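An overview of the molecular structure
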Amino acid sequence: MTTTLAIANQKGGVAKTTTVASIGAALAELGHSVLLVDLDAQACLTFSLGIDPEDLELSVHHVLTKGLDPSEVIITTDDGVDLVPATIELARAEAELLTRTGREHVIKTMIETLEEDGHEYDWVLLDCPPSLGVMTVAALTAADGVLIPLQCETLSHRGVGQLLDTVHDVRRFTNRKLEVWGVLPTLYDGRTNHARTVLETISETYDLEVIEPPIPKTIKFAEAPAAGRSILATSRSSKGARAYREAAENLVARSKRPKSRKKKAGKAS
Ligand code: ADP
Ligand code: MG
């Protein structure tokens, strides 16, 4: 059984990509098979896993808009996870898909095609772009759950409501089984009460679970992408790496929880 998670927040710089790379590596350490999908034309995930997007001839763009077999673009990375890479060409995909029938389902179809080809993963993590456009909606349509990385600052709740509205629409129209797994506090400065207060306010206002532990803000994260490995490899026992390992264990536990039945399509909880 595959668990597909969309890591989404239309705000940039909240550690979506870092979370995908780090949780992916942590799940692989735990012995799970993992596929990461780069859905951002900036290709930061691809780059941070040691692949130069400019060297790629084929990428997720060709799968989503040209019907290329996804098996042909998968790369096995040094972090022990597989990757569907992106390149800047993905910037065109959004516009190309806009007029296409079934555009919400392109990522779901990609994952199903991989399964038919014998690539069945325990986890598929979707690294969403910083927008609520076609790509994010398609990711939510393919997902069992959505995880929202959140930087706990005063204005960080702006946008959470909009994201949840989009989730609500997706549940009504394209994916009834989508569940909000919760927020993951990122870039967390535990020295201040402020971050904790913001987190509590947001989780209460929107009735969101908080995935523990908060990921501390540390300079180590800045160094990892240049090395082409996640922080779990570049800085094995740093507190950031330990936090992501623990968060990954909590996600594994969460994946075993029975699906909530009260959240029927069309109704917020
Ligand atoms: P997003 O994908 O949401 O735009 P990124 O994962 O690219 O965000 O992170 C934005 C920046 O913040 C990157 O430079 C990244 O290295 C840095 N970063 C991410 N998590 C942390 C952290 N816990 N501590 C310090 N810097 C971080
Ligand atoms: Mg990103």
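Residues numbered from 1 in each chain as written. Chains lettered and ligands numbered in written order. Predicted model: local features only at pLDDT ≥ 70, side-chain atom pairs only at ≥ 80, totals over all residues.

**Section: the UniProt feature "domain: AAA" (unreviewed entry) in the protein chain**
Selection rule: UniProt positions are given in the numbering used here, feature names are shortened, and annotations may be inferred rather than shown by experiment. Each helix is a run of H or I in the DSSP string that is no shorter than four residues. Each strand is a run of E no shorter than two, and both are numbered from the N terminus.
Annotation from UniProt places "domain: AAA" (unreviewed entry) at residues 3–180. For residues 3–180, the end-to-end C-alpha separation is 13 Å, with 39% helix and 16% strand making up the annotated structure.

**Let's talk about the site of ligand 1**
Short version of the rule: Near, for a residue, is defined by distance from a backbone-placed C-beta atom to a molecule or strand, with 6 Å as the limit that must not be exceeded. Each residue gets one label: Ala, Val, Leu, Ile, Met, Phe, Trp, Tyr, Cys and Pro are nonpolar, Asp, Glu, Lys and Arg are charged, and the others, such as Gly, are polar.
Lining the immediate environment of ligand 1, one finds 17 residues, of which A15, K16, T17, T18 and F221 sit closest. Ranked by the residues each element gives to the shell around ligand 1, the list is headed by helix α1 (residues 16–29), at three residues. Taken together, the residues that form the shell around ligand 1 break down as eight nonpolar, seven polar and two charged.

**Here's the deal with the confidence of the model for the protein chain**
Under the convention used in this document: Residue-level confidence of the predictor, termed pLDDT, takes values from 0 up to 100. Any residue pair is listed as a contact if its two C-beta atoms, each placed from the backbone, are within 7 Å.
Of all residues in the protein chain, 96% have pLDDT values of 70 or greater, and the mean over the chain is 92. This stretch, residues 263–269, has a pLDDT under 50; its non-local contacts, to residues over four places away or in other chains, come to 10 contacts. For this predicted complex, the interface confidence reaches an ipTM of 0.99, while the overall pTM sits at 0.95.

**Section: helix α6 (residues 134–142)**
Note the threshold: In this scheme every C-beta is placed from the backbone, and a residue whose C-beta has 20 or more other C-beta atoms within 10 Å is buried, one with 12 or fewer is exposed, and one in between is partly exposed.
Among the nine residues of α6, nine are classified as buried, and the element is accordingly described as predominantly covered. When α6 is considered as a whole, its buried residues turn out to be V134, M135, T136, V137, A138, A139, L140, T141 and A142. Next to the buried residues of α6 lie β1 (3–7), α4 (90–98), α5 (106–116), β5 (123–127), β6 (145–151) and α7 (160–173).

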